[in-house]
Amino acid sequence: MSTTLFRTFQPNQFSLLGTSLLRRRRSNNFSVRSCGSQTTTTHEAKQSSPTRVAPKNHKSNKLDEILRDYEAVIGIETHVQLSTLTKAFCSCSNNYGSYPNTSICPVCMGLPGALPVLNSKVVEFGVRLGLALNCDLSLKSKFDRKQYFYPDLPKGYQISQFDIPIASGGYVDLDIPLEFGGGHRRFGITRVHMEEDAGKLLHSDTGDYSQVDLNRAGVPLLEIVSEPDMRSGIEAAEYACEMQRIARYLGVSNGNMQEGSLRCDVNISIRPIGQAEFGTKVEIKNLNAFSAISRAIDFEISRQALLYNQGKADQIVTETRLWEEGAQKTVTMRKKEGLADYRYFPEPDLPEVILTKEYVDSIRASLPELPEAKRRRYEAMGLGMQDVLFLANDVSVAEYFDAVIGKGAEVKLAANWIMSDIAAYLKNEKLSINDIKLTPHELAELIAAIKDGTISGKIGKEILFELLAKGGTVKGMIKAKDLVQITDPVEIEKMVIQVVSENPKQLEQYRSGKTKLQGYFAGQIMKMSKGKANPGLLNKILLEKLNAKD
């Protein structure tokens, strides 16, 4: 049997498992994503990954009506794939996107006699995340074997943590965006534990056979289990967003949902308002997009409430359901007859994980400013919540903003430039803020040049995009292109007189009551000055001339 299974596990080629062993039943409700000539699935099917929650749609009113009679109880299990150089228990590279079965060895293939060796970075990242989530750390924890069979789990068990996780009893604070009602929330964290990932299956288009890629087998994970504190799809999606932010701020994971670096399973039940006992829990898997989390939960709340209202609450059973993006509904994946018996027992090939106070303190001292602390700091600066959430959402944007105001730029002006023109440029060019040529120092210089009247805001916007694309200095560009703003009243008055005298028809119309023509005159003067006339001074002098009796 072992020969049949592993004889084709060779570098630079797929590992084919016998068709009879892995033939899929066509009635299985797997959600899949097409990848060239093959479709990819694992325990979780891939979905696209928007960065924010989708806005409320026309179904919101109906959901609000449902929630007047029922309360949803929601908890989330979040799997964070760690950005270590090597896997959790061997020296194989931890590289996403490598050719199938090129980052494998006897350890991650589960071959007899191969022994695991713990990657110390996994422990460090576990401590970092535990501290960031305000958890109590276990100074002495251990690994356990979680027994179950799946074709992409070569050992027949997963190395995980059972009764003594590395961290437990924490919480996370976050702010709900204003478009979803706003407000501050705190959600409890039950535990954070270390474990390894499984491989993945590549199913053929015909379904006649499946291929195993073990590159992901043994990749380190941190699983974050929340308390059942969420009450809506929006809250759950924002919680997942915050987990991604924290992972990225800490540098423990890139959090890319489209790569499977952050995966969420949702547990949801509903109960009549006032009932203390929880309802029947349903698990929803394969939620690899924040918008999918929100929509799947809203659908499941509606589905369960409908059964309650029809007197069919007994049809809500403990099961695992999948979210079908195309149909916008959850479907049954498998029923659960009872609690899964994973037959946990301590991993005999790994020693206990013992943390010293000095080790924990050194990691605590190295933690960066986290999203919640950054939001509160920005709020204290006088920024509105919309600005706060935008700037703190991406660690790179936050660092750029901090660097700009660190150079002396006014807080609100710096926020406005980043959130408007720079954000639009990044979106159009499909770039991140780390890709632009404009340094924080030069953005601060640009803001100062506009504020002190050296250049106008219009000229500032014109040179901004050149600085973003090509770099350079603000002072150098102003000098090279002769962009210094004209602030001499005598020089501006000459241009005003010339433009007014050259447009007698428009002047007559203005004095007859068509005062909107002021904009026409101002535009002509700006054109004559090549955009360099001071707008405030120009309009002051222009109004005097337009309204003069002679």
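Just so it is clear, the model here is predicted, and its values are computed rather than measured. Each chain carries its own residue numbering, running from 1 in the written order of its sequence. Since the coordinates come from a predicted model, pLDDT governs what is reported: local features require at least 70, and pairs of side-chain atoms require 80 or more to be given and counted, while whole-chain, interface and lining totals use all residues. Hydrogens are left out, water is left out, and the side-chain values use all remaining heavy atoms of the structure.

Some thoughts on helix α12 (residues 440-451)
Cut-off, in case you're wondering: Strands here are runs of E lasting at least two residues and helices are runs of H or I lasting at least four, both read from the DSSP assignment and numbered beginning at the N terminus. Multiplying 1.5 Å by the helix residue count minus one yields the expected span of that helix. Relative accessibility decides the category of a residue: with a 1.4 Å probe and only protein chains considered, values under 20% of the type maximum give buried, values over 50% give exposed, and everything between is partly exposed. Contact definition: two residues touch when any of their heavy atoms are within 4.5 Å.
Over its twelve residues, α12 runs 17 Å from end to end, which matches the ideal 16 Å to within 8%, given 1.5 Å per residue. Those residues of α12 lying buried are E442, L443, A444, L446, I447 and A449. Summarising the contacts, the buried residues of α12 are in contact with α10 (395-406), α11 (411-429), α13 (457-470) and α14 (474-480). Positive phi shows up at G453, right after α12, with a value of about 85°.

Regarding the nonpolar core
Generally speaking, a soluble globular protein has its nonpolar side chains buried in company with each other. The test is simple: By nonpolar core is meant a set of buried Ala, Val, Leu, Ile, Met, Phe, Trp, Tyr and Cys residues that side-chain atoms within 4.5 Å join together.
Ranked by size, the top nonpolar core spans 111 residues in total, and within it L133, Y239, I293 and L443 carry the most contacts. Element by element, the count of residues in this core is highest for helix α5 (residues 233-250), at eleven residues. If we ignore the near neighbours within four places in the chain, the residues touching L443 are Y400, V404, W417, I418, I422 and L438. Formed by 18 residues, the second largest nonpolar core is a distinct cluster that contains V496, L507, L517 and I525.

Here we look at the pairing of strand β17 (residues 329-335)
For the record, the criterion: We treat two strands as partners when DSSP finds at least two bridges between them.
Sheet topology places strand β16 (residues 319-324) next to β17; six bridges connect them, and they run antiparallel. Counterpart to E319 in the pairing with β17 is K335. The antiparallel pairing of β16 with β17 creates a hairpin that spans four residues between the two strands, and Q328 there sits at a positive phi of about 55°.

A short note on the pattern of salt bridges
Quick note on the threshold: In what follows, salt bridge is the name for a side-chain nitrogen of Lys or Arg lying within 4 Å of a carboxyl oxygen of Asp or Glu.
Scanning all chains against the criterion turns up 41 salt bridges. The shortest N-O distance in the salt bridge between D402 and R377 comes to 3.0 Å. Here R377 lies in helix α8 (residues 371-380) and D402 lies in helix α10, a separation of 25 residues in the sequence. Measuring nitrogen to oxygen at the nearest pair gives 3.2 Å for the salt bridge that ties K532 to D482. Here K532, found in the loop between α17 (518-528) and α18 (535-546), pairs with D482, found in the loop between α14 and α15 (489-501); they are 50 residues apart in sequence, far enough to count as distant.

Comments concerning empty space enclosed by the protein
Test applied: The pocket and cavity definitions rest on a 1 Å grid over protein atoms only: a 1.4 Å probe that fits but cannot leave marks a cavity, an open set with protein on both sides within 12 Å along at least five of seven lines marks a pocket, and residues lining either have an atom within 4 Å of a point. Grid points are joined across faces, edges and corners, and a volume is the space filled by probe spheres set on the points. Residues were grouped as follows: Ala, Val, Leu, Ile, Met, Phe, Trp, Tyr, Cys and Pro as nonpolar; Asp, Glu, Lys and Arg as charged; and all remaining residues, including Gly, as polar.
Here the structure, examined in full by the defined rule, presents two cavities of 30 Å³ or more. Of the voids in this model, the second largest cavity is the one considered here, and its volume is about 30 Å³. Looking at side-chain class alone, the lining of the second largest cavity contains five nonpolar, one polar and three charged residues.

Everything listed is a geometric property; what it means functionally is a separate question.
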